[in-house]
Amino acid sequence: IPVVNVDNACSGGATALYEAQLAVREGRHDVVLVIGVDKLTQFGGGTLPLVPEDPEVRRGMVMPALYAMRARRYLYERSASVGDLAAVSVKARRHGALNPYAQFRAPVTAAEVLASRPIADPLTLLQCCPTGDGAAALVVVSGDVLRRQRAPAIRVLASVLHSGSMEGGFRDMLRPEITYRSAAEAYEQSGLEPDDLDVVELHDEIG
């Protein structure tokens, strides 16, 4: 049985799913097991180390600073407030309180979010993702296998994978081209439009 290791930063699990569904669609496999694992405690806490080959990392860039810059630009261009940003954390912690597998299950208020320790202006501790360990697995099968098993299942309507393009100097921090291109292709592939979606789980973007 072939085993493929995928290491693609925050997109590792999604990339593994992309490869699995592609293999099934092309008829190369009828059943593929996808396993995603994160072990961030290996770094000992604090800001996660980034690859030194990145020219911005060599100049001192860290992830909290990058997202703080995006947040600051969002506040400026959208005439938003720090309370609007705090509401994101309040929503996420409220959902976590309902999930027995969540890392944190205590709801917070906007005031608590804004009063927590500053990390990178305008972001505070309760607005930054924590480190932790976790794993998940899913099984991707062909239509023939599903019909034989008659098990509950969901259909993958679209799965896309793109590499970003390197841009030095100024770039629109609220319009990352890789996100827009991927979303456009996913909508085209699935035949859906934004109004057709009931729930969106969005990672690491402010727009």
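Residues numbered from 1 in each chain as written. Predicted model: local features only at pLDDT ≥ 70, side-chain atom pairs only at ≥ 80, totals over all residues. Heavy atoms only, no water.

Peer 1: Explanation requested: a nonpolar patch on the surface in the structure shown.
Peer 2: A contiguous nonpolar surface patch, about 620 Å² in accessible area, is contributed by Val31, Leu33, Ile35, Val37, Val139, Val141 and Leu146. Among the secondary structure elements, those contributing two or more residues to the nonpolar patch are strand S1 (31-39) and strand S4 (133-141). Among the structural elements, isoleucine 35 can be located in strand S1. For isoleucine 35, a relative accessible area of 54% puts it in the exposed group. (Patch = residues over 30% accessible without salt bridge, like charges linked within 9 Å, V, L, I, M, F, W, Y side chains within 5 Å. Areas by Shrake-Rupley, 256 points an atom, 1.4 Å probe, with all protein chains shown as cover. Salt bridge = Lys/Arg side-chain N within 4 Å of Asp/Glu carboxyl O. Helix = DSSP H or I, 4+ residues; strand = E, 2+ residues; numbered from the N terminus. Buried < 20%, exposed > 50% of the residue type's maximum accessible area, 1.4 Å probe, protein only.)

Peer 1: Looking at this model, I keep getting lost on the side chain of glutamine 21. Mind explaining?
Peer 2: One can find glutamine 21 in helix H1 (residues 12-25). The exposure class of glutamine 21 is buried, given its relative accessible area of 5%. Here the side chain of glutamine 21 touches arginine 25 through a polar contact of 2.5 Å, side chain to side chain. With near-sequence residues (within four places) excluded, glutamine 21 lies in contact with Val140 and Ser159. (Polar contact = N/O pair within 3.5 Å; in protein donor to acceptor, adjacent residues only side chain to side chain. Contact = heavy atoms within 4.5 Å.)

Any functional reading would require information that these geometric values do not contain.
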